[in-house]
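Remarks on the overall topology
Spelled out, the chains give:
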Amino acid sequence: MNDTFFAYLQRLESIAFFSGYPMIYTIVFFITGNKPSKNQVKGKIFSLLPFSYALIGTLYLGLQLRNMYLDRSAESIDYLVQQPWLVGWGILAMIFWIPSLAKRPVLSLLHSFVFFFFLLKDLFFTFPAFKNDENIIRNDMKLYTDSLLLNIGCLVTVTLIYLIYRRLKVNNGSSRVKY
């Protein structure tokens, strides 16, 4: 892994987008249970988690494309993508838009553990030298908080879209004339 400043920034981007998902998954799992109920919105939220994670992956792809668009020179792509496997793994989160993969929310949790590892690595390997690298831990904790807020926002957005879609579907179904 590169130990350059730009590689560190790219790792921070990944932490900011994906590391809060395991905590959100755990909270939703304990509140709603792991069995989605078709009659209750509360039970449906658990099954919407992979779509929320896919939305985060889509936003991450947008950030990466924006970064590449701002610096258009062809030779700078290697410079912009310091850790291509990490960026690729983040973009791979978009596969959870596929309904057959979204039926298994635990797969999205397993996918997000890669990014959570970097947060834990910074905490455990930096903790003995806390006085020297206090800023690294502070940055990670701020980004983890931001990641939690982003993940909550994406889950709320996906849930609202689901509820609006469900309401429109019910309203359109009830307004049809049955012969």
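In the block above lies the structure referred to throughout.
Counting restarts for each chain: residues are numbered from 1 in the order of the written sequence. A pLDDT threshold of at least 70 governs which residues receive local features in this predicted model, and a stricter bar of 80 or more applies before side-chain atom pairs are shown or counted, although totals over entire chains, interfaces and linings include all residues. Side-chain measures were taken over the full set of non-hydrogen atoms in the model, leaving aside hydrogen atoms and water.

**Observations regarding the overall build of the protein**
Under the convention used in this document: Only DSSP runs of H or I with at least four residues qualify as helices, and only runs of E with at least two residues qualify as strands; both kinds are numbered from the N terminus onward. For this analysis, residues touch if any pair of their heavy atoms sits within 4.5 Å. Throughout, the Shrake-Rupley method with a 1.4 Å probe supplies accessible areas, and for residues the shown protein chains are the sole cover considered.
Within the protein, the regular secondary structure consists of 8 helices and 0 strands. Residue pairs at least 24 apart in sequence account for 79% of intrachain contacts in the protein once pairs closer than 6 positions are excluded. Carbon and sulfur atoms provide 67% of the accessible area of the protein, an area that totals close to 11200 Å².

**With respect to the packing of aromatic side chains**
Using the following cut-off: By convention, a stacked pair of Phe, Tyr or Trp rings (six-membered ring in the case of Trp) has centres within 6.5 Å and planes under 30 degrees apart, an edge-to-face pair has planes over 60 apart, and any other such pair is tilted. Relative accessibility decides the category of a residue: with a 1.4 Å probe and only protein chains considered, values under 20% of the type maximum give buried, values over 50% give exposed, and everything between is partly exposed.
Evaluation of the coordinates by the stated rule reveals 12 aromatic pairs. Each ring, one from F51 and one from W97, has its centre 6.3 Å from the other, and the planes form 40 degrees; the classification is tilted. Note that F51 is positioned in helix α3 (residues 41–70) and W97 in the loop between α5 (84–91) and α6 (99–102), a separation of 46 residues in sequence. Residue classification places F51 among the partly exposed positions, given a relative accessible area of 21%. Residue W97 is classed as partly exposed on the basis of its relative accessible area of 39%. Between the aromatic rings of Y53 and F96, the centroid separation amounts to 5.8 Å while the plane-to-plane angle is 65 degrees, which identifies the pairing as edge-to-face. Placement of Y53 in helix α3 and of F96 in the loop between α5 and α6 is noted, with a sequence separation of 43 residues between them. F96 carries the same exposure label as Y53, and that label is buried. Each member of the aromatic cluster is reached from another via a ring pair, and the members are F17, F18, Y21, Y25, F29, F30, F46, Y53, Y60 and F96.

**Points about helix α2 (residues 21–32)**
Heads up, the rule is: A helix is expected to span 1.5 Å for every residue after the first. Note: the arc covers the axis-to-C-beta directions of the helix.
The first and last C-alpha atoms of α2 sit 16 Å apart over 12 residues, in line with the 16 Å expected at 1.5 Å per residue. Of all the residues in α2, the buried ones are Y21, P22, I24, Y25, V28 and T32. What you see down the axis of α2 is that its buried residues fit within an arc of 160 degrees, all on one side. Among the exposed residues of α2, those pointing more than 90 degrees away from its buried face are F30 and I31.

**Examining α5**
Within α5, the full set of buried residues consists of L86, V87 and G90. For α5, the buried positions fall inside an angular range of 100 degrees around the axis, keeping them on one side.

**Regarding the packing of helix α1 (residues 5–18) against α5**
Stated precisely, the cut-off is as follows: Whenever a helix is involved, its axis is fitted only over the stretch in contact; in every case the axis is a line through C-alpha atoms, and angles between N-to-C directions fall within 0 to 180 degrees. Oblique is the label for every angle not falling under 35 degrees (roughly parallel), over 145 degrees (roughly antiparallel), or within 65 to 115 degrees (roughly perpendicular). For any pair of crossing helices, the crossing counts as left-handed if the nearer helix is rotated counterclockwise from the farther one by less than a right angle, and right-handed if it is rotated clockwise.
Where α1 contacts α5, the axes come no closer than 10 Å and their chain directions differ by 20 degrees. Taken together, the axes of α1 and α5 lie roughly parallel to each other. Of the two possible hands of crossing, α1 and α5 adopt the one that is left-handed. Taking contact as the criterion, the partners of Q10, R11, S14 and F18 in α1 are, on α5, L86, V87 and G90.

**Re the side chain of T159**
In this fold, T159 is placed in helix α8 (residues 134–175). Other than its neighbours up to four places away in sequence, T159 contacts I45 and L48.

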